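# Coordinate analysis (summary)
Here are the chains, one letter per residue:
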Protein chains: 2
Amino acid sequence: MRLLILGGDGYLGWPTALRFSARGHEVSVVDNFVRRRWVESVGSNSLTPIRTLEERIAAWREATGREIQSFVGSVEEGGFLDRVVAESRPEVVIHYGQQASAPYSMASREQAVETQYGNVIGNLNLLFAIRDHVPECHLVKLGTMGEYGQPDIDIEEGYIRIEHKGRSDTLPFPKLPASLYHCSKVHDSTNIHFACRTWGLRATDLNQGVVYGIETDETATDERLITRFDYDEVFGTVLNRFCLQAVIGHPLTVYGSGGQTRGFLNIRDTLNCVELAATNPAGAGEFRVFNQFTEQFSVIDLAHLVKFSAEHLGYSVEIQHCENPRVEKEEHYYNAVHTKLLDLGLEPTLLGEELVESIVHAIERFKGNAIESAIDPQTRWNPTGTAKTPAGRA
Amino acid sequence: MRLLILGGDGYLGWPTALRFSARGHEVSVVDNFVRRRWVESVGSNSLTPIRTLEERIAAWREATGREIQSFVGSVEEGGFLDRVVAESRPEVVIHYGQQASAPYSMASREQAVETQYGNVIGNLNLLFAIRDHVPECHLVKLGTMGEYGQPDIDIEEGYIRIEHKGRSDTLPFPKLPASLYHCSKVHDSTNIHFACRTWGLRATDLNQGVVYGIETDETATDERLITRFDYDEVFGTVLNRFCLQAVIGHPLTVYGSGGQTRGFLNIRDTLNCVELAATNPAGAGEFRVFNQFTEQFSVIDLAHLVKFSAEHLGYSVEIQHCENPRVEKEEHYYNAVHTKLLDLGLEPTLLGEELVESIVHAIERFKGNAIESAIDPQTRWNPTGTAKTPAGRA
């Protein structure tokens, strides 16, 4: 297959490029390296010492003889993206090329605008480029479970059958996104769904849970191929941050009570899921939604698991409940369906003490790079304090 | 009250400004006149000869002694909008300042991006400005019934109680927006709802039907106060277009069978609805949604009503079924609840032969201004023809 991967320099985009290249597919990547600049702008870094995209591609060529083509530019530049799609003529586009941090989107008006502009307009440009050049192409778009928020009913995979006043219809599952970043992903889903209904495009929206882990089969083969690893309060996801905190002797920062429950998955499973989606394309006009995670955990349960595992390795670990900087329910119902990827053959990598220990071991090599001042929560969802608790909905 | 009206130079914005000013409120308006340029760019004009904003404000001052303050600039410029809100300190913001044409948004990638960028980012800037300067202010936002699309169940006002697998919750009503413009309004609703939940803002989303009519009590008092009237295929709404077509002897352009059913309301009722919303504000943290229309009609029923009424005035009227340039269902279930504004006291102006005749009479004065080449449908929803009919949803 010919694949185009947007955001191919990122935490997931780079390992995804390697995975498809290793399978013998023809892979092109697009990136403008803005993620590297964003992380620097918040006073942080990648724990892992990542090479430039050019160096990584050269190392992959040297190690495997395989070629990855790169296009340097921004998805929000419509003319650029149009030319890339016209030239690379992908059969599958995998779109990771977005601002993916909730705290980043909440820090200021400027960052909120940057997030929604880049994500929504970049995705809109992509829809037009696919329509105009490769209308049969399958778009695999990374969404997030955070689009759904915390409804008081079971979360279905994208759609829900509603019986209402004696009639019924299957409609998009209602969304209660958790940040302005999550709002941007809802906007994307709305636009993609429209493009499928109206232009007959085919798309799969992967509403992904929180990803953890540091290595994949391909990145582990050569240190020059390692992917980025974020641990700070802005770009680090919770389990990765906890593992780093355990290693450097920083308390595990649990926001509020830690009763917040979410779906999680290992980075290796992300690649498996994306591969399953790409090799089993959506039909023409179909907007398919998969909930992409393997297990649900509460934040406090994860903290205890990391504490237990790291203490087994000789670390002394403290759990610290911080004032929750986000506006979210800390005790809530949460049950999200996630069977479609299992039906396609996903075999989950389940989280346990052994897996946490392997992540901790991988982190140990790079712990000297950690910038401790970037770890504690600073970005408040409601800095002006108008509302102290989640407000009523209706 | 101190009111700030965004889009105060427009079809509805200008009469709204006059209405609140006439009631003795302190009114400021924002506009960048881009609507005038857009209409010019598609080879059309306002049938009514509208004065500049400056001239209109001077005429209003001369006629009534009342002052309307104006700010010239774009809502998508965050710094500008922030300064306007900080300076005018509104108790109510009425936000009409958006690109409001579905065909315009569908004509090209550039126009789609312009629509979603201006609408979504402008509205996002507004949410931050309200949060930072006037968090108690009531945002009255113009949405559209087209956000809901054509579901096969009754359309509720913004929310729906869903019973699912033995649990239940009241959640945002699922949306199937009808164009990329309508998508932008869905995005706005998602962002505003988030701002209410997270920052405790108060907002009313007016999901308005298709507006018709040419005069309000205030604009009719002086020809210099007249509001714009669009009749072309891009900016003209269906009933206004039909009335103009009848007057100039152009066939009434019905798209497809004309079975498409929508909610409609008179421009005078728009002002009454906005006034009811503004004088009965949403609570802190409340995101309130009203379905703002008074009657449902199919397009073909409207064509027959206009034909009947205009022929009664001596016109000879032909109805022409054009190939539908849009991707939409032409025969479908449609029943939308619209009781919340009635509960607040709205007394609908119902459409009938007499009302159509009065619109036709008002149009007659300006019929010489019509540009006939701008009337027939040209903007196709699916110019590349990938999908010929609305595709499946799930």
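An account of the accompanying structure is given in this report. (Residues numbered from 1 in each chain as written. Chains lettered and ligands numbered in written order. Predicted model: local features only at pLDDT ≥ 70, side-chain atom pairs only at ≥ 80, totals over all residues. Heavy atoms only, no water.)

## A word on the pattern of salt bridges
Residue and element names in this part refer to chain A. Selection criterion: Every case where a carboxyl oxygen of Asp or Glu lies within 4 Å of a side-chain nitrogen of Lys or Arg is listed as a salt bridge. Helix and strand definitions follow DSSP, with helices as H or I runs of at least four residues and strands as E runs of at least two, each counted in order from the N terminus. Throughout, exposure labels follow a simple rule: accessible area from a 1.4 Å probe, protein chains only, divided by the maximum for the residue type, with under 20% read as buried, over 50% as exposed, and the rest as partly exposed.
Overall, the coordinates contain 44 salt bridges over all chains when judged by the stated rule. The partner of Arg19 in a salt bridge is Glu218, with the nearest N and O atoms 3.0 Å apart. Within this pair, whereas Arg19 is found in helix α1 (residues 13–22), its partner Glu218 is found in the loop between β9 (210–212) and α8 (238–248), the two being separated by 199 residues in sequence. Using a relative accessible area of 5% as the deciding quantity, one classes Arg19 as buried. In this structure Glu218 comes out as buried when scored by relative accessible area, which is 9%.

## What about the environment of Ile57 of chain B?
All names here are of chain B. For clarity, the threshold we go by: It only takes one pair of heavy atoms within 4.5 Å for two residues to be counted as in contact.
Relative to the helices and strands, Ile57 resides in helix α3 (residues 53–64). The class for Ile57 is buried, based on a relative accessible area of 5%. Ile57 sits 239 residues away from Gln296 along the chain, and the two C-alpha atoms are 35 Å apart. Once residues lying within four places of it in the same chain are set aside, the contact partners of Ile57 are Trp14, Ile68 and Ser70.

## A look at the relation of the copies chain B and chain A
Note the threshold: The copies were overlaid by least squares, fitting only the C-alpha atoms of residues that reach a pLDDT of 70 or more in each copy.
After a rotation of 180° and a shift along the axis of 0.0 Å, chain B superposes on chain A with an RMSD of 0.0 Å. Those values place the two copies in the arrangement expected of a two-fold rotation axis. Comparing interface residues between copies, 100% of those in chain B also lie at the interface in chain A; the contact surface is shared.

## Focus: the pairing of strand β11 (residues 261–266) of chain B
Successive residues of a regular strand alternate their side chains across the two faces of the sheet. Residues and elements named next belong to chain B. Filter applied, for reference: Any two strands are treated as partners once DSSP identifies two or more bridges connecting them.
Within β11, five of the six residues are buried, which leaves it mostly tucked inside the rest of the structure. The pairing of strand β9 (residues 210–212) with β11 spans three bridges and is parallel. Bridge pairing in β11 places Val211 opposite Leu265. Judged from the four bridges that link them, β11 and strand β13 (residues 295–298) form a sheet pairing that is antiparallel. Looking at β13, one finds that Arg262 is bridged to Phe297.

## Things to note about the packing of helix α4 (residues 78–88) of chain B against helix α6 (residues 109–133) of chain B
When two helices pack together, their arrangement is captured by the angle between the axes and the distance separating the axes. Residue and element names in this part refer to chain B. What counts, and what does not: Here an angle of 0 to 180 degrees is reported between the N-to-C directions of two axes, which are lines fitted to C-alpha atoms, with helices fitted over the stretch in contact. When describing relative orientation, an angle under 35 degrees is termed roughly parallel and one over 145 degrees roughly antiparallel, while 65 to 115 degrees is termed roughly perpendicular and anything else oblique. In this scheme, a crossing is called left-handed if the near helix is turned counterclockwise away from the far one by less than a right angle; it is called right-handed if the turn is clockwise. Residues were grouped as follows: Ala, Val, Leu, Ile, Met, Phe, Trp, Tyr, Cys and Pro as nonpolar; Asp, Glu, Lys and Arg as charged; and all remaining residues, including Gly, as polar.
Put simply, α4 and α6 touch, their axes get as near as 9 Å, and they point 40° apart. Taken together, the axis directions place α4 and α6 in an arrangement best described as oblique. For the pair α4 and α6, the crossing hand works out as right-handed. Taking contact as the criterion, the partners of Gly78, Leu81, Asp82, Val85 and Ala86 in α4 are, on α6, Gly122, Asn125, Leu126, Ala129, Ile130 and His133. For the contact of α4 with α6, the per-class residue count stands at six nonpolar, four polar and one charged.

## Some remarks on the interface of chain B and chain A
Threshold: What counts as buried area is the accessible surface, traced by a 1.4 Å probe, that two parts surrender upon association, with contributions from both included.
Listed by partner, the interface residues are 71 residues for chain B and 71 residues for chain A. Both faces combined, the contact of chain B with chain A buries some 6200 Å², and carbon together with sulfur accounts for 64% of it. Counting the contacts that link chain B with chain A gives four salt bridges. The closest approach of N and O atoms between Glu156 of chain A and Lys165 of chain B, which form a salt bridge, is 2.7 Å. Residue composition of the side of chain B that touches chain A, by class: 36 nonpolar, 21 polar and 14 charged.

## Let's talk about unusual backbone geometry
All names here are of chain A. With a phi close to 50°, Lys165 is a non-glycine residue in the positive phi region. With respect to the helices, strands and loops of the structure, Lys165 is situated in the loop between β6 (159–164) and β7 (167–172). Classification of Lys165 by relative accessible area gives exposed; the value is 51%.

## Regarding the pairing of β7 of chain A
Residue and element names in this part refer to chain A. Note that β6 and β7 share six bridges and pair antiparallel. When the sheet's bridge partners are listed, Tyr159 is paired in β7 with Pro172. With antiparallel pairing between neighbouring strands as the criterion, β6 and β7 make up a hairpin whose turn holds two residues, including Lys165 at a positive phi of roughly 50°.

## Considering the nonpolar core
Threshold: Definition of nonpolar core: a set of buried residues of the types Ala, Val, Leu, Ile, Met, Phe, Trp, Tyr and Cys, connected through side-chain atoms within 4.5 Å.
Formed by 102 residues in total, the largest nonpolar core has its most connected members in Leu180 of chain A together with Leu180 of chain B. Those residues in contact with Leu180 of chain B that sit more than four places away from it in its chain are Leu124, Phe128, Asn191, Phe194 and Trp199 of chain A together with Ser105, Met106, Ala112 and Gln116 of chain B.

## With respect to the sheet that holds β11 of chain B
Residues and elements named next belong to chain B. Sheet architecture is open: three strands sit in the order β9-β11-β13, paired in mixed fashion. Either end of the sheet is taken by a strand with one partner, and the two such strands are β9 and β13. Strand-to-strand, the axes of this sheet are offset by a mean angle of 45°, without reference to chain direction. Sheet contacts for helix α9 (residues 267–279): β9 and β11; angle to β11, the most-contacted strand, approximately 80°. Contacts from helix α10 (residues 299–312) reach β11 and β13, with the element oriented near 90° to β13.

## Details of the packing of aromatic side chains
Our working definition: Stacked, edge-to-face and tilted labels apply to pairs of Phe, Tyr and Trp rings (six-membered ring for Trp) whose centres lie within 6.5 Å, assigned for plane angles under 30 degrees, over 60, and everything in between, in that order. The criterion is that NZ of a Lys, or CZ of an Arg, lies within 6 Å of the ring centre and within 35 degrees of the ring normal, and then a charge sits over that ring.
A full pass over the atoms with the stated rule returns 11 aromatic pairs over all chains. With centroids separated by 5.5 Å and ring planes inclined at 50°, the aromatic side chains of Trp38 of chain B and Tyr104 of chain B adopt a geometry described as tilted. With a gap of 66 residues between them, Trp38 of chain B in helix α2 (residues 34–41) and Tyr104 of chain B in helix α5 (residues 102–106) connect regions that are remote in the sequence. By the burial criterion, Trp38 of chain B is buried, and Tyr104 of chain B matches it. Put simply, the rings of Trp38, Tyr104 and Phe235 of chain A touch in pairs and so form one group of aromatic residues. Directly above the ring of Tyr333 of chain B sits Arg167 of chain A, whose terminal nitrogen or CZ lies 3.4 Å from the centroid.

## Re the environment of Lys340 of chain B
By secondary structure assignment, the location of Lys340 of chain B is in helix α11 (residues 340–343). Not counting chain neighbours up to four residues away, the residues in contact with Lys340 of chain B comprise Glu157, Val289 and Phe290 of chain B.

## A few points about the sheet that holds strand β11 (residues 261–266) of chain A
Residues and elements named next belong to chain A. Judged by pairing direction, the sheet is mixed, and its three strands sit side by side in the order β9-β11-β13 without closing on themselves. Pairing within the sheet leaves two strands with one partner each, and these edge strands are β9 and β13 (295–298). Across the sheet, the mean angle separating the axes of adjacent strands is 45° when strand polarity is ignored. Strands in contact with helix α9 (residues 267–279) are β9 and β11; relative to β11, the strand with the most contacts, it is inclined by about 80°.

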